[in-house]
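Residues per chain, in single letters:
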Amino acid sequence: MSKSQNSISGTPRTRKRRLVDLASSVGFILLAAGLFLPVFDLFNLQKLSVFKWIYTAGALIFLGAKCVPVLPKDTSLRLKRMYRLEFWAGVCFCVGAAFWFYNQSKFAGSAVVGPLTIIHDTILYAMSGAVVEVIAVWLIYYREKKEAREQAGVSGRDKKA
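By convention here, each chain's residues receive numbers from 1 onward along its written sequence. Local features in a predicted model are, by the rule used here, given only for residues with pLDDT of at least 70; side-chain atom pairs are given and counted only at 80 or more, and totals for whole chains, interfaces and linings are based on all residues. Heavy atoms throughout the structure, all of them, feed into the side-chain values; hydrogens and water do not.

1. Thoughts on the side chain of Glu147
For step 1, the next point in the chain: For Glu147, the position within the fold is in helix 4 (residues 115–151).
For step 2, the next point in the chain: Using a relative accessible area of 15% as the deciding quantity, one classes Glu147 as buried.
For step 3, the next point in the chain: For Glu147, the contacting residues outside a window of four places in its chain are Ser76 and Leu79. Helix and strand labels come from DSSP, where a helix needs a run of H or I of at least four residues and a strand needs a run of E of at least two; each type is numbered from the N terminus. For every residue, the accessible area (1.4 Å probe, protein chains only) is compared with the maximum for its type, and the residue is labelled buried under 20%, exposed over 50%, or partly exposed between those bounds. Contacts are assigned to residue pairs that have any heavy atoms within 4.5 Å of one another.

Encoded structure:
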């Protein structure tokens, strides 16, 4: 099996799909860096504005990657819907970025506000987006595995016997 094939169903992956997967991975890494790096310096609000842009870039790259249609035309409707769940994870990340911008402008003049007050909504939406992404990936994996088994002509009952 070559690198350009899906390891589950054995179907060839297009160059476009590999680029989309790479872009979504880069976006996810930027999301993680934008949320994790402020923890090292919790009292510096100047660095927080830099991490805001890193997180937002990651959210937009992730969402943009999930907007690109990469599935073949003969893909089942159920599998298409599961891939659409990944898009909604990207929307959660972008809403988190919007809250980061809103809270930073809202609390800009206050001297007693810390970084966690500014990014608490962002953390909430990032965690919800991550949960949606993990569930979507699991569902997609098992659905592709099941469809590959059905295409091979082996049902679940025949496998146990």
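From this point, the discussion proceeds with the structure in view.
2. Some words on the packing of aromatic side chains
For step 1, the next point in the chain: Put simply, two rings from Phe, Tyr or Trp (the six-membered ring, in Trp's case) pair if the centres are within 6.5 Å, and we call them stacked under 30 degrees between planes, edge-to-face over 60, tilted for the rest. This model, assessed by the stated rule, comprises nine aromatic pairs.
For step 2, the next point in the chain: With 5.8 Å between their ring centres and 45 degrees between their planes, Phe28 and Phe62 make a pair best called tilted. Placement of Phe28 in helix 1 (residues 15–36) and of Phe62 in helix 2 (residues 45–67) is noted, with a sequence separation of 34 residues between them.
For step 3, the next point in the chain: Judged by its relative accessible area of 35%, Phe28 falls in the partly exposed class.
For step 4, the next point in the chain: Under the relative-accessibility criterion, Phe62 is labelled buried at 2%.
For step 5, the next point in the chain: Consider the rings of Phe28 and Phe93, whose centres lie 5.8 Å apart with planes at 65 degrees: the pair is edge-to-face. Of this pair, Phe28 sits in helix 1 while Phe93 sits in helix 3 (residues 77–106), placing them 65 residues apart in sequence.
For step 6, the next point in the chain: The buried category is assigned to Phe93, whose relative accessible area is 3%.
For step 7, the next point in the chain: Members of the aromatic cluster, connected to one another through ring pairs, are Phe28, Phe62 and Phe93.

3. Comments concerning the packing of helix 3 against helix 4
For step 1, the next point in the chain: The angle between two axes is taken between their N-to-C directions and runs from 0 to 180 degrees, where each axis is a line fitted to C-alpha atoms and a helix contributes only its stretch in contact. Relative orientation of the contacting elements helix 3 and helix 4 amounts to 170 degrees, with a least axis distance of 8 Å. Between helix 3 and helix 4, the crossing angle belongs to the class labelled roughly antiparallel.
For step 2, the next point in the chain: Looking at the contact of helix 3 with helix 4 residue by residue, the classes come out as 20 nonpolar, eight polar and seven charged. Roughly parallel means an angle under 35 degrees; roughly antiparallel means over 145; roughly perpendicular covers 65 to 115; every other angle is labelled oblique. Classification convention: Asp, Glu, Lys, Arg as charged; Ala, Val, Leu, Ile, Met, Phe, Trp, Tyr, Cys, Pro as nonpolar; all other residues, Gly among them, as polar.

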